[in-house]
Amino acid sequence: MGRARRVVLAYSGGVDTSVCIPYLRHAWGVEEVIAFAADLGQGDELEPIRRKALAIGASQSIVADLVEPFIRDYGFPAIRANALYEGRYPLSTALARPLIARRLVEIAREVDADAVAHGCTGKGNDQVRFDMAIGALAPDLKVLTPAREWGMSREQTIAYGERFGVPSPVSRQSPYSIDLNLLGRSIEAGPLEDPMAEPPEAVFAMVCNPAEAPDSPSTVEIGFEQGNPVSIDTERLDPVSIIRRANDLAGRHGFGRIDMIENRVVGIKSREIYETPGLLLLIRAHQELEAICLTADVARYKRGIESSWADLVYQGLWFGPLKQALDGFLDTTQRNVNGTVRLRLHKGHCTVLGRCSDDSLYDPVMATYGAEDQFDHRAAEGFIYVWGMPNRLWSQQQARHT
């Protein structure tokens, strides 16, 4: 590895990224490490994290408030895409990585750094996401990955950090790896590595136990404009407030827990626990609104696009050309996704009660079986004759060979 003069480190305050600071300086000879922590609405007080980086050797420690762009530019596009990786995970953690990478690169340019660094290990998805994003945004920047290369166990990493003043974890007994932002929590490792083991209730923080949720259901109405959620119960809210309100409503009623075996980018399977109450609620409402606003062919085709979009984001290709092209398709489909969806939250379930839109393609006088019916039933005979012609011709051809 060539010698780096000034490095900007994506810093979370955890063990690995904290140990990266002395390791970069003392093992790899980096002259100056600048720590960068992102506020993504995780609720933590980031000032202690900023001070911690300085105390263990960072020359500067930067905290950036990225909550609004995180929700507006990353969370809302995921809602418009109905993005669910492998049909279940709404990408709450994955969506944060390209934003962090973008700001990391911007800071590196501002301070004239010749490298950036992160504390991801070699088995996870985040290393792929950071490396791919940085490579797309700044291919000239070196990307240093000490945790992927130092070869230390967790215990050795802690011991190494202690030699340079990195405090030991407050709770060594906690075996879980947790990532948190405003869109959700991801929990893995420890007892959860047994796919047959039931997750202990202690791992959950955003979504209450459905059995302990209120006995009385809550009804909520979510309004959308061009595919973006804009109101809850007729109150117009900014994007961040929408997510906070949705998290509270869904989490209080036990909706938004996910327990899944997931296929990581590096090829291994992983057992993951997610809490994404607000994001899942908004995606569910958005799916229902699309059902009356999109034509059948667009809706069917979009389902394939949604899966591809989710795969690209999960795999770290946010800034790639295919993702950009799919965004153009999604923007077109969302122009007329306007309206309101009513849902009921109760004991871990989210049930759609109704939907309405000025752009609805649902025509009551065509759908009704009552006296108001304006559908021309006689036209069906000709339609069925033409529609069924390929099958009849095929059947006649087969009969000639029997």
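Residues numbered from 1 in each chain as written. Predicted model: local features only at pLDDT ≥ 70, side-chain atom pairs only at ≥ 80, totals over all residues. Heavy atoms only, no water.

Note the following rule: UniProt positions are given in the numbering used here, feature names are shortened, and annotations may be inferred rather than shown by experiment.
Under an unreviewed UniProt entry, the name given to the chain is Argininosuccinate synthase, and the organism recorded is Aphanocapsa feldmannii 277cV. In the Subunit (unreviewed entry) part of its UniProt record, the chain is described as follows: "Homotetramer." The annotation that UniProt attaches to the chain under Catalytic activity (unreviewed entry) is "L-citrulline + L-aspartate + ATP = 2-(N(omega)-L-arginino)succinate + AMP + diphosphate + H(+)".

1. A word on the sheet that holds strand S4 (residues 115–117)
Note the cut-off: Whether two strands pair comes down to DSSP finding at least two bridges between them. We count a stretch as a helix when DSSP gives it H or I for four or more residues in a row; a strand needs E for two or more, and each element gets its number in order from the N terminus. For helices, the fitted line uses only the C-alpha atoms of the stretch in contact; every axis is such a line through C-alpha atoms, and the angle between N-to-C directions lies from 0 to 180 degrees. Contacts were defined at the residue level, with two residues in contact if any of their heavy atoms lie within 4.5 Å.
The strand order across the open sheet built from five strands is S3-S2-S1-S4-S5, with neighbouring strands paired in parallel fashion. Either end of the sheet is taken by a strand with one partner, and the two such strands are strand S3 (60–65) and strand S5 (142–144). Recorded for the sheet is a direction-independent mean angle of 25 degrees between the axes of neighbouring strands. Sitting on the sheet, helix H1 (residues 15–27) is in contact with strand S1 (6–10), strand S2 (32–39), S4 and S5, with an inclination near 165 degrees to S1.

2. Some words on the domain arrangement of the chain
Let me state the cut-off plainly: Boundaries of every domain are those given by an automatic assignment or by a domain database.
Once the domains are mapped, the chain shows domain 1 (6–163), domain 2 (177–294 + 336–356) and domain 3 (372–399). Each of domain 2 and domain 3 has a C-alpha centre, and these two points are 43 Å apart.

3. Remarks on the side chain of Lys302
Rules: The buried label applies to any residue whose accessible area, calculated with a 1.4 Å probe on protein chains only, is under 20% of its type's maximum; exposed applies above 50%, and partly exposed to all values in between. Counting of polar contacts relies on pairs of N or O atoms within 3.5 Å, with two restrictions inside protein: one atom must be capable of donating a hydrogen and the other of accepting it, and residues adjacent in sequence are counted only when both atoms are side-chain atoms.
Tracing the chain through its elements places Lys302 in helix H10 (residues 296–314). Accessibility expressed as a relative area gives 1% for Lys302, which makes it buried. At 3.0 Å, the side chain of Lys302 forms a polar contact with the side chain of Glu290. In this structure Lys302 touches Arg80, Ala81, Asn82, His286, Glu290, Leu294, Phe329, Leu330, Thr333 and Gln334, once residues within four positions along its chain are discounted.

4. Digging into the environment of Gly151
Residue placement: Gly151 occurs in the loop between helix H6 (146–149) and helix H7 (154–163). A residue is classified by how much of its surface remains accessible, and Gly151, at 68% relative accessible area, is exposed. Sequence separation between Gly151 and Glu193 is 42 residues; the distance between their C-alpha atoms is 22 Å.

5. A look at the UniProt feature "binding site: ATP" (unreviewed entry) in the chain
The residues that UniProt annotates with the feature "binding site: ATP" (unreviewed entry) are Ala10, Tyr11, Ser12, Gly13, Gly14, Val15, Asp16, Thr17, Ser18, Ala38 and Gly119. Examined against the element boundaries, Tyr11 turns out to sit in the loop between S1 and H1. Every residue in contact with Tyr11, bar those within four places of it in the chain, is listed here: Thr17, Ser18, Ile21, Ala35, Phe36, Ala37, Ile49, Lys52, Ala53 and Ile56. If sequence neighbours within four positions are ignored, Asp16 has contacts with Gly119, Thr121, Trp150, Arg154 and Thr157.

6. Some thoughts on the environment of Phe164
With respect to the helices and strands, the residue Phe164 is situated in the loop between H7 and strand S6 (177–181). Residue Phe164 is classed as partly exposed on the basis of its relative accessible area of 26%. As a C-alpha pair, Phe164 and Gly57 span 107 residues in sequence and 8.6 Å in three-dimensional space. Look past the residues within four positions of Phe164 in its chain and what remains in contact with it is Pro22 and His26.

7. A few points about the UniProt feature "binding site: L-aspartate" (unreviewed entry) in the chain
What UniProt calls "binding site: L-aspartate" (unreviewed entry) maps, in this numbering, to Thr121, Asn125 and Asp126. Within the secondary structure, Asn125 is located in the loop between S4 and helix H5 (126–137). If we ignore the near neighbours within four places in the chain, the residues touching Asn125 are Glu262, Arg264, Val265 and Tyr314. Along the chain, the position of Asp126 falls in helix H5. Given a relative accessible area of 18%, Asp126 falls into the buried group. With sequence-adjacent residues up to four places away left out, Asp126 is seen in contact with Thr93, Arg97 and Cys120. Among the polar contacts listed, one links the side chain of Asp126 to the side chain of Arg97, at a separation of 2.9 Å.

8. Notes on the state of the cysteines
Put simply, the rule reads: Our working definition of a disulfide is a cysteine sulfur pair at a distance within 2.5 Å.
With the rule as written, the count across this model stands at zero disulfides. For the unlinked cysteine Cys350, the closest cysteine sulfur is that of Cys208, found at 14 Å. In this structure Cys356 is not part of a disulfide, and its nearest cysteine sulfur, from Cys293, lies 9.4 Å away.

9. Quick word on the packing of aromatic side chains
How we decide: Working definition: rings of Phe, Tyr and Trp (its six-membered ring) pair if their centres are within 6.5 Å, and the pair is stacked with planes under 30 degrees apart, edge-to-face with planes over 60 apart, and tilted otherwise. Working rule: Lys NZ or Arg CZ, within 6 Å of ring centre, within 35 degrees of ring normal, means a charge sits over the ring.
Tallying each qualifying case throughout the model produces eleven aromatic pairs. With a centroid separation of 5.2 Å and an interplanar angle of 65 degrees, the aromatic rings of Tyr23 and Trp150 are classed as edge-to-face. Of the two residues, Tyr23 sits in helix H1 while Trp150 sits in the loop between H6 and H7, which places them 127 residues apart along the sequence. Residues Phe383 and Trp387 carry aromatic rings whose centres are separated by 5.9 Å and whose planes lie at 20 degrees to one another, so their mutual orientation is stacked. Here Phe383 pairs with Trp387, and both are found in helix H13 (residues 379–387), just four residues apart, close to one helical turn. We classify Phe383 as exposed; its relative accessible area is 52%. Here Trp387 falls in the exposed class, since its relative accessible area comes to 67%. In this structure an aromatic cluster arises from ring pairing among Tyr23, Trp28, Trp150, Tyr160 and Phe164. Taking the ring centre of Tyr314 as reference, the NZ or CZ of Arg129 above it sits at 4.8 Å.

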